[in-house]
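Overview (structure and organization)
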Amino acid sequence: MNGPVVAPPIRLTAKAATLARRGHPWFYRDDLQEPSVPGGQIVRVHDPEGRDLGLAFTSAHSKLALRSCGPWPGHDVPDRETFFHARLRAAIERRAGMLGKEDGARIVHGESDGLPGLVVDRYGPVLVLQATSPVIENCLDAIVPFLAEQLAAESVLARNDVGARKLEGLSQEIRLLHGRRIENVTIVEHGVRHTVRPWTGHKTGFYLDQRPARGLVRDLAKGRRVLDLFAYQGGFSLAALAGGAASAIAVDQSAEALAAAEAGAAANVLSGLATRTDNVFDFLRSLREGQDRFDLIVLDPPAFAKSRRELTGALRGYRDLNRLALRLLAPHGMLLTCTCSHHVVLPEFEHLLRQAAAGLPFKVALRQRLGAGPDHPFWLSLPESEYLKVLLLQRLD
Ligand code: SAH
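Each value, and the rule that gives it
Residues numbered from 1 in each chain as written. Predicted model: local features only at pLDDT ≥ 70, side-chain atom pairs only at ≥ 80, totals over all residues. Heavy atoms only, no water. Helix = DSSP H or I, 4+ residues; strand = E, 2+ residues; numbered from the N terminus. Rg over C-alpha atoms; globule rule 2.2 N^0.38 Å. Buried < 20%, exposed > 50% of the residue type's maximum accessible area, 1.4 Å probe, protein only. Contact = heavy atoms within 4.5 Å. Pairing = 2+ DSSP bridges. Axes fitted to C-alpha atoms, helices over the stretch in contact; angles between N-to-C directions. Near = heavy atom within 4 Å. Polar contact = N/O pair within 3.5 Å; in protein donor to acceptor, adjacent residues only side chain to side chain. Areas by Shrake-Rupley, 256 points an atom, 1.4 Å probe, with all protein chains shown as cover. Nonpolar A, V, L, I, M, F, W, Y, C, P; charged D, E, K, R; others polar. Domains from an automatic or database assignment. Buried area = accessible area lost by both parts, 1.4 Å probe. Salt bridge = Lys/Arg side-chain N within 4 Å of Asp/Glu carboxyl O. Phe/Tyr/Trp six-rings, centres within 6.5 Å; stacked < 30°, edge-to-face > 60°.

Quick notes on the overall build of the chain
Counting secondary structure elements, the chain contains 10 helices and 19 strands. Its C-alpha radius of gyration of 23 Å places the chain within 12% of the 21 Å reference for a compact globule of 397 residues. Across the 397 residues in the chain, those meeting the buried criterion constitute 54%. Within the chain, contacts between residues at least 6 apart in sequence are counted, and of these 62% link residues at least 24 apart.

What follows is the structure, given as structure tokens:
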């Protein structure tokens, strides 16, 4: 079962080998000299001359036949325990300082940790795993006990209810992999207690990637009137109120999410939260003619462009939202605006913000650029991995 994997090396075309040397991690069947690959294997990758280009995971189902795992010493394929334990140990070591008892952090971030198709988030004693590669799916027995032991986890579950699994022919499922079922877990971030629901919450239970932005909001919030748009469980609202905001209005179409935001404010003994169950577009239009103005607005919509085809409509949506939000800023007010669409790259996002700001009776400055935190490292050779763009704009008066 755990003996060496004996799949022969896969040879890339000369062109693909050049890309691989530059760090590009994804290869289609056209990039291979022999287009049929065995599914779900760890293999050596070679250039046309037989020189080594490191290890990769194969897939028989996906258009992506190979996903690179980076270099590995020697010329053999390591057994799965050796390989996964080394990669997981390195990923954990890179997160030293983020592993306190009540911390939330991403422990494994796919390709950036040399583990394509694997995401692991830690919420205190709970680990949530997402597998979007058949290799990960086949090797859970080498991954889960090791992670549980290294991180002293009481519970490990799979949130495998992600669309990307369909491309691999893998089923949609949420299931316990280790320990006992834990419904709710509290993490502490920037001094604020957040309740995470690993079985039912969005993504793996929480938007861990917005940690730096919530920290910035906390730092900026003192005395300000805050508007938190697409608030979900009010992560930004709680950070703002903890930072001394005068008030926070959380807007989301989900009444259930807003009830969780109110429970969060109570658990942190924070006053000043109001919630509005509404469509954000309608809510912003309803304020347009009124007198309400805000000192700090957070605009954190879901990904409007899930594919390249949806890009034009998505850009229009982001532009309209940002224009409506900018109009509601009080003098010197700030807008923290986000996009988590892979397809909307930073220059494009900044361009649409320029368009949104055109024609306003005040100038708008870009104060700061942020992204996901250091536990979500971005791989330089894979620009798509920089999916979250966060900009802090300020009205100049
Ligand atoms: N800011 C949140 C994450 C936002 S997730 C945080 O930091 O935790 C996106 C949220 O937008 C979801 O809660 C979803 O219910 C909500 N949503 C999506 N489309 C919406 C719309 N048109 N109007 C209001 N809420 C919407």
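Focus: the sheet that holds strand β6 (residues 104–109)
Strands in a sheet are paired, the pairing made by backbone hydrogen bonds, and the direction either parallel or antiparallel. Spatially, β6-β7-β8-β9-β10 is the arrangement adopted by the 5 strands of the open sheet, whose pairing is mixed. At either margin of the open sheet sits one strand with a lone partner, and together these are β6 and β10 (173–179). Ignoring which end each strand starts from, the neighbouring axes of this sheet average 20 degrees apart. Two elements, strand β8 (residues 126–131) and strand β9 (residues 155–160), share 4 bridges in a ladder whose sense is parallel. Bridging across to β9, Leu127 finds its partner in Val156.

Some thoughts on the sheet that holds strand β3 (residues 42–46)
With mixed pairing, the 5 strands of this open sheet are ordered in space as β1-β3-β4-β5-β2. Two strands in the sheet have a free side with no partner beyond their single neighbour: β1 (10–11) and β2 (26–28). The pairing of β1 with β3 spans 2 bridges and is parallel. Each residue of the ladder has a partner; that of Ile10, found in β3, is Val45.

Quick notes on the site of the ligand
Among the 14 residues in the neighbourhood of the ligand, the closest are listed as Phe230, Asp252, Gln253, Val280 and Asp300. In this structure, a nitrogen atom belonging to the ligand sits 2.9 Å away from a main-chain N or O atom of Val280. Between the ligand and the protein, one listed contact pairs a nitrogen atom with a side-chain N or O atom of Asp300 at 2.7 Å. Burial of the ligand by the protein chains amounts to 90% of its free accessible area of 590 Å². Among the residues making up the shell around the ligand, the classes are represented as 7 nonpolar, 3 polar and 4 charged.

A closer look at the domain arrangement of the chain
You can read the domains of the chain as domain 1 (10–70), domain 2 (80–185) and domain 3 (207–396). Between domain 1 and domain 2, the residue contacts involve 15 residues of the former and 17 residues of the latter. Buried area between domain 1 and domain 2, both sides added, is near 1200 Å², and the carbon and sulfur share of it is 62%. Counting the contacts that link domain 1 with domain 2 gives 1 salt bridge. Residue Arg67 pairs with Glu111 through a salt bridge whose shortest N-O separation is 3.1 Å. Applying the counting rule to domain 1 against domain 2 returns 6 residue pairs in polar contact (both at pLDDT 80 or more). When residues of the side of domain 1 that touches domain 2 are assigned to their parent elements, the largest contribution, 4 residues, is made by strand β5 (residues 64–70).

Observations regarding the packing of aromatic side chains
Under the counting rule described, the total for this entry stands at 8 aromatic pairs. Ring centres 6.1 Å apart and planes at 40 degrees place the aromatic pair Phe57 and Phe84 in the tilted group. With Phe57 in strand β4 (residues 52–58) and Phe84 in helix α2 (residues 80–94), this pair connects stretches of sequence that are 27 residues apart. Exposure remark for Phe57: the relative accessible area of 2% places this residue in the buried category. The class of Phe84 is buried, set by a relative accessible area of 0%.

Things to note about the environment of Pro25
Mapped onto the fold, Pro25 is located in the loop between α1 (14–21) and β2. According to the relative accessible area criterion, Pro25 is buried, its value standing at 0%. For the pair Pro25 and Ala372, spaced 347 residues apart in the sequence, the C-alpha separation amounts to 21 Å. Contacts of Pro25, omitting those with residues within four sequence positions, involve Leu66, Arg67, Ser68, Glu111, Trp379, Ser381 and Leu382.

Re the side chain of Asn268
Considering the arrangement of structural elements, one finds Asn268 in the loop between α7 (255–267) and β15 (273–277). Given the relative accessible area of 16%, Asn268 is considered buried. When sequence neighbours within four positions are dropped, the list of residues in contact with Asn268 reads Val192, Arg193 and Leu238.

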